[in-house]
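# Remarks on the overall topology
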Amino acid sequence: MNLKPGQIVRVRSRKYLVEGVVPPPEPTDSPLVRLSCVEDDALGEPLEVLWDKEIDSQALEGANWQAIASRGFDEPRLFSAYLNTLRWNCVTSTNANLFQAPYRAGIEVKAFQLEPLRKALLMPRVNLFIADSVGLGKTIEAGLILREMLMRQKVRRTVICCPPSVVRQWKDEMEQRFGLTFMIYDRDFVTARRQERGYGINPWTTHNRFIISQALIRNETYAGPLREWLGEFKGGSMFILDEAHNAAPASASKYAIDSKLTQAIRDLTPLFEHKLFLSATPHNGHSNSFSALLEMLDPQKFCRGVPVHHRSRDAVMIRRLKHDLREIGEEFPDRKVVRIDIDGLSEDAPELVLSHLLQQYRRAREARLKEATRSKQASAMLVVISLQKRLLSSIEAFARTLDVHGRAMKRQAEEAAAAPAPETRPANLSLLLSPPGSDDERAGLAEKEVADEEDAQMEAATAASTGPADAMGPELELIGEMARIANEAKYDPDSRVRHLIAWVKENLCPNLGVPGAEWNDRRVLIFTEYTDTKRYLVQQLQAAITGSDRDTDRIMTFHGGIGEERREDIKAAFNADPTRHPLRILVATDAAREGINLQNHCADLFHLDIPWNPSRMEQRNGRIDRKLQRSPEVRCHYFVVNQRAEDRVLDVLVKKSEVIHEELGSLAPVVARRVDKMLSEGIPHEQVGDLSDTLDGIDAEAKNSAEGKVVEEDLEEVRERKAKLATQVERLRGMLKDSRDWMGLDDRHFRDALSASLEILGADSLQPLSDAEAARDPSKARWVIPRLHERMGADHTWAHTLDALRAPIKKGQKRWEWRKEAPIRPVVFADPGTLDGEVVHLHLEHRVVQRLLGRFLAQGFLHDELTRACVVRTDDPVPRVVALG
């Protein structure tokens, strides 16, 4: 039989649309037929069959005129629903200026977010770098492109690669916002597929859409099968790389040794047809590194070691800053950085005394090691820097690390005469400088495992910088004195904690101290760098709020190694409506500084300690200063102990962080690297003035440096400025309106179509949860979808479809328990602008909508022949037939 695209066939007891027919290589062979399911419970599911080998294959003929006439006309309301459904599912692949993705997304899309989509549709192959600043919605922009490309059948397979901390967030965003289901490719997924299909299966072949972490893609165990799946080149495939700067070579050298991630991405990208890179900081100040990153994106335009040509760069890169968009009228919350001065401490305050003693200890070590090797001096300095950073965080963190260092000192002093300790490279002692970053595999380890490794590195650094016992006498005395003071004070609230408790009483629980004191609806996020400080702070805060209403439920902690399920539970709790969840204070380590949305009901953030890298502070602030922040103002607080010398340097560092945020977003990596270098030997008291002055001018120095000029030439020129940006946004608004008019989508017709489909099923139509809400604004009202699976004789598969309206199932939870605990949520037809998950935003790609509207497309109340023969008036509130052709 000669099948043609567009025909409806029945095969394997289901109806399918023929999308393509591949002729057989030999006349005796069977043609390969590509199909798309039109049944309402599996609409759009692909299938490929050898047509002549199927035992029940049958081409379905179109209805004849007699059958059509015998039915008569459908009711105008049903015809309206059918006609609108047809319009909403018409996709044009020829007009790049007509978009469907913005109306198939469960979010309010801003006009400026359409520029990446517009640019992508003009490309024969999508090779695009979205370099918008933090909080502008790069994930949404990528989702819009992917959804549009899928509808235009230009993409069939997708792999998203992102930092481990945001894997689950990517999955949830794609499913909730765009109706796209992704499989997380991890150890559990591989194990499950092998158990189901045999050890020899390539798990990549089992689905078409995957998310994999950057930590795993570096592993050949995972990357090798992916390359095998892709072959030499996989047409219709898309690769999305989040935080793409992680894959750039770190060195300026043309022939530098690349990291494992750089090597993995370089090997993979040529195998994909389409590529999307996302990063707010794509340039590290090295031209060769930038060109190497762009070469992975588009090797036809860029080559590592060859300067980036501005025309080629402009063709593939989009960059807008929040500051520029705010100037043309886009609304973002105002950020206020609030300095909290700590004054009036007594001279014997532990935080002041320990600071001075640590400086004496530093000078004693420098004097002993002035003739030692550079490696030994570097190890000694790492010890001092680590102790100094922990002291500035909390006495508790300082005391524990000092104890590890002191024990190692004493042990090495006794053993040094017998066997000198081997020298240790500072590069192997990274945890002494900062906790693991989000792209570090250790970020997912349990706190104790990371702490044990930190202790091992402290012992190694100590061992590499010790000497004979008689030479270390002054240092051992100082260690003993510092340990005595720290151990006496480590359980007492310090000046910052006392201020925090006072702030909580004033802003969160006004009657704190009174038994049963009630809490208001505000929330606060508190960041600290170290696990010990987090534990200390929670103990102090919990003691302070004891006796208040539901005191044990008011504080939670967010840190590395808590597991995916616990991580999502904490996010959900903190973003939930405060009237429904008692959580008010979230204490987080830097494990939460990237990729976590915490802005739904929180506009206050405290830095208990100040990270020495300005980029890390900006990442912390970005947890609440971002899109969907309800408050018009966010407040980021930090502490300055005015009597402590180190705080004067850190105060300048905070101010530099704000300059970077407002004006120098492109130069952030350059400035951060210069700050790291400047503070590589800690903060000596005698150099505080010089360090402050140097830090004060570091942004100007970075801007005028060779690296800064490279960034200006390679990246800053592509940034959209005010006049051009205003014109661009105005054009995009027009394109958005034209697309909306072309689709004819509005929430009233949308609701009517769903109600009509429900009535055909014999169920009640959509009902508002509140008549008052529906009367006030139907688009923002909450609506109830009937429990279709509970009707007499209902199709049991509706239970699985309606599961999309429940809260996500937890890992390992039994489905029947989950359905009992997670009720079907009401739905809305406009973006609620919240992250609390109490309602579900229905859009054209939502699973429930796809199945309901699929009934019109699958069985057609009016057949195509009749529709083509009708002259239809669509200017009426309900479209109707006015003549037959």
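Overview of the structure. (Residues numbered from 1 in each chain as written. Predicted model: local features only at pLDDT ≥ 70, side-chain atom pairs only at ≥ 80, totals over all residues. Heavy atoms only, no water.)

## A word on the packing of aromatic side chains
One pass over the full model with this rule turns up 15 aromatic pairs. Ring geometry for F189 and F210: centres 5.7 Å apart, planes at 75°, overall edge-to-face. With F189 in helix α6 (residues 187-197) and F210 in strand β9 (residues 209-213), this residue pair connects regions lying 21 residues apart in the sequence. Summarising the aromatic geometry, the rings of F606 and F639 are spaced 6.0 Å apart at their centres and angled 25° between planes, so their arrangement reads as stacked. Highlighted residues: F606 in strand β17 (residues 604-607) and F639 in strand β18 (residues 633-641), separated in sequence by 33 residues. An identical accessibility class is assigned to F606 and F639; each is buried. R209 extends its terminal NZ or CZ atom over the ring of F182, reaching a point 5.9 Å from the ring centre. (Phe/Tyr/Trp six-rings, centres within 6.5 Å; stacked < 30°, edge-to-face > 60°. Helix = DSSP H or I, 4+ residues; strand = E, 2+ residues; numbered from the N terminus. Buried < 20%, exposed > 50% of the residue type's maximum accessible area, 1.4 Å probe, protein only. Lys NZ or Arg CZ within 6 Å of the ring centre and 35° of its normal.)

## Some remarks on the packing of helix α13 (residues 350-368) against helix α14 (residues 374-393)
For any two helices packed against each other, the geometry comes down to the angle between their axes and how far apart the axes lie. Viewed as axis vectors pointing N to C, α13 and α14 meet at an angle of 175°, and their least axial separation amounts to 10 Å. Relative to α14, the element α13 lies roughly antiparallel. Here L354, S355, L358, Q359, Y361, R362, R365 and E366 of α13 come into contact with α14, specifically with A380, M381, V383, V384, L387, Q388 and L391. In terms of residue class, the contact of α13 with α14 is made up of 9 nonpolar, 3 polar and 3 charged. (Axes fitted to C-alpha atoms, helices over the stretch in contact; angles between N-to-C directions. Parallel < 35°, antiparallel > 145°, perpendicular 65-115°, else oblique. Contact = heavy atoms within 4.5 Å. Nonpolar A, V, L, I, M, F, W, Y, C, P; charged D, E, K, R; others polar.)

## A closer look at the packing of helix α18 (residues 495-507) against helix α19 (residues 531-545)
The interhelical angle for the contact between α18 and α19, taken along N-to-C directions, is 45°, at an axis separation of 11 Å. Considering the angle they form, α18 stands oblique to α19. Relative to α19, the crossing made by α18 is right-handed. Taking contact as the criterion, the partners of V497, L500 and I501 in α18 are, on α19, Y536, L537, Q540, L541 and A544. (Left-handed = near helix turned anticlockwise from the far one by under 90°.)

## Description of the sheet that holds strand β5 (residues 58-60)
The 5 strands are arranged β4-β3-β2-β1-β5 in an open sheet whose pairing can be described as antiparallel. Because the sheet does not close on itself, it has two edges, and the strands there are β4 (46-50) and β5. Here the strands of the sheet are splayed against their neighbours by 45° on average, with no regard to which way each runs. As paired strands, strand β1 (residues 8-11) and β5 are joined by 3 bridges and run antiparallel to one another. Opposite V9, over in β5, you have A59 as the bridge partner. (Pairing = 2+ DSSP bridges.)

## Thoughts on the pattern of salt bridges
One pass over the full model with this rule turns up 64 salt bridges. For R12, the salt bridge is made with E54, and the minimal N-O distance between the two is 2.9 Å. With R12 in the loop between β1 and β2 (14-22) and E54 in the loop between β4 and β5, the pair connects residues that are 42 residues apart, well separated along the chain. Classification of R12 as partly exposed rests on a relative accessible area of 45%. Shared partners join several salt bridges into a network, and the residues in it are R390, E396, R400, E454, D455, D532 and R535. (Salt bridge = Lys/Arg side-chain N within 4 Å of Asp/Glu carboxyl O.)

## A few points about the sheet that holds β18
As summarised here, the arrangement of the 6 strands in space is β13-β18-β17-β14-β16-β15, forming an open sheet in which the pairing is parallel. Every interior strand has two partners, whereas the edge strands, β13 (334-342) and β15 (555-558), have only one. Mean inter-strand twist for the sheet, computed between neighbouring axes without regard to direction, equals 20°. When β17 meets β18, the two strands line up parallel, connected through 4 bridges. Bridge assignment links F606 to a residue of β18, and that residue is H637. Sheet strands touched by α18: β13, β14 (524-527), β16 (585-588), β17 and β18. Its angle to β18, the strand with the most contacts, is close to 150°.

## Observations concerning helix α24 (residues 688-696)
All of the buried residues along α24 are V688, L691, S692 and L695. One side of α24 holds all its buried residues, which, seen down the axis, span an arc of 100°. For α24, exposure combined with an orientation more than 90 degrees from the buried face picks out D690 and D693. (Arc of directions from axis to C-beta.)

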